[in-house]
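Coordinates in review
Each chain, written out:
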Amino acid sequence: MAFLISFDIDGTLEFGDPPGGITVEMVRKAKELGFLIGSCSDRFPSAQRALWEKHGIEYDFVAAKHMLDDVKARLEADRYLHIGDRETDREVAQRAGFDFLWDNEAPNEPWLAWRDGH
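Each value, and the rule that gives it
- Residues numbered from 1 in each chain as written.
- Predicted model: local features only at pLDDT ≥ 70, side-chain atom pairs only at ≥ 80, totals over all residues.
- Heavy atoms only, no water.
- Helix = DSSP H or I, 4+ residues; strand = E, 2+ residues; numbered from the N terminus.
- Rg over C-alpha atoms; globule rule 2.2 N^0.38 Å.
- Buried < 20%, exposed > 50% of the residue type's maximum accessible area, 1.4 Å probe, protein only.
- Contact = heavy atoms within 4.5 Å.
- Areas by Shrake-Rupley, 256 points an atom, 1.4 Å probe, with all protein chains shown as cover.
- Lys, Arg positive; Asp, Glu negative; His and termini not counted.
- Charge placed at Lys NZ, Arg CZ, Asp CG, Glu CD.
- Pairing = 2+ DSSP bridges.
- Axes fitted to C-alpha atoms, helices over the stretch in contact; angles between N-to-C directions.
- Polar contact = N/O pair within 3.5 Å; in protein donor to acceptor, adjacent residues only side chain to side chain.
- Phe/Tyr/Trp six-rings, centres within 6.5 Å; stacked < 30°, edge-to-face > 60°.

When helices and strands are counted, the chain shows four helices and five strands. Secondary structure of the chain in N-to-C order comes out as β-α-β-α-β-α-β-α-β. Computed over the C-alpha atoms, the radius of gyration of the chain is 13 Å, within 12% of the 13 Å expected from 2.2 N^0.38 for a compact globule of 118 residues. By principal-axis analysis of the C-alpha atoms, the chain measures approximately 35 × 30 × 25 Å. Going through the 118 residues of the chain one by one, you find that 47% of them count as buried. Looking at the chain alone, contacts between residues at least 24 apart form 56% of all its contacts between residues at least 6 apart. Here the chain displays about 5900 Å² of accessible surface, and carbon together with sulfur accounts for 47% of that area. With 14 positive and 23 negative side-chain charges, the chain shows a spacing of 2 Å between the two charge centroids.

Okay, structure coming up:
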């Protein structure tokens, strides 16, 4: 089974501005376990790529936040998740057919249970 996690950057990832609670280690762990990972943010895609590369994280996609539905059309997965810190993140995720987690719900890595069928 394939799982995809889209991260907002600012207020969500530890290297965002402001920093969020999702650590680089958490993202790396998801990637190592086979999750498709990337970001959908208000930042330009080139700036998103630069951040991933600066932190040495192999990503599968970057997109402008309003293009989350395009990510779903391009990458096949059994389950899609977007993690963010603003109401806009939740709305965009729902419109695109993604599950959504608030940034403060994510530090316990609930997506890891997906691998066990939960």
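Attention now moves to the sheet that holds strand E1 (residues 3-7). Pairing is parallel across the open sheet formed by five strands, whose spatial order is E3-E2-E1-E4-E5. The strands lining the two open edges of the sheet, one partner per strand, are strand E3 (61-64) and strand E5 (99-102). Neighbour-to-neighbour, the strand axes of this sheet turn through a mean angle of 25°, independent of strand direction. Bridge analysis of E1 against strand E2 (residues 36-41) gives four bridges, and the strand direction is parallel.

For the rest of this paragraph, the subject is the side chain of Ser41. Relative to the elements of secondary structure, Ser41 occurs in strand E2. A polar side-chain atom of Ser41 sits 3.0 Å from the main-chain amide nitrogen of Arg43. Among residues more than four places away in sequence, those in contact with Ser41 are Asp8, Ile9, Gln48, Ala63, Ala64 and Lys65.

It is worth spelling out the packing of aromatic side chains at this point. The tally for this structure, following the rule as stated, stands at seven aromatic pairs. With a centroid separation of 6.5 Å and 40° between ring planes, the pair formed by Phe35 and Trp114 is classed as tilted. In this pair, Phe35 sits in the loop between helix H1 (24-32) and E2 while Trp114 sits in the segment after E5, placing the two residues 79 residues apart along the sequence. As far as burial versus exposure is concerned, Phe35 and Trp114 are alike and both buried. Taken together, the aromatic side chains of Phe3, Phe35 and Trp114 make up a single cluster linked through ring pairs.

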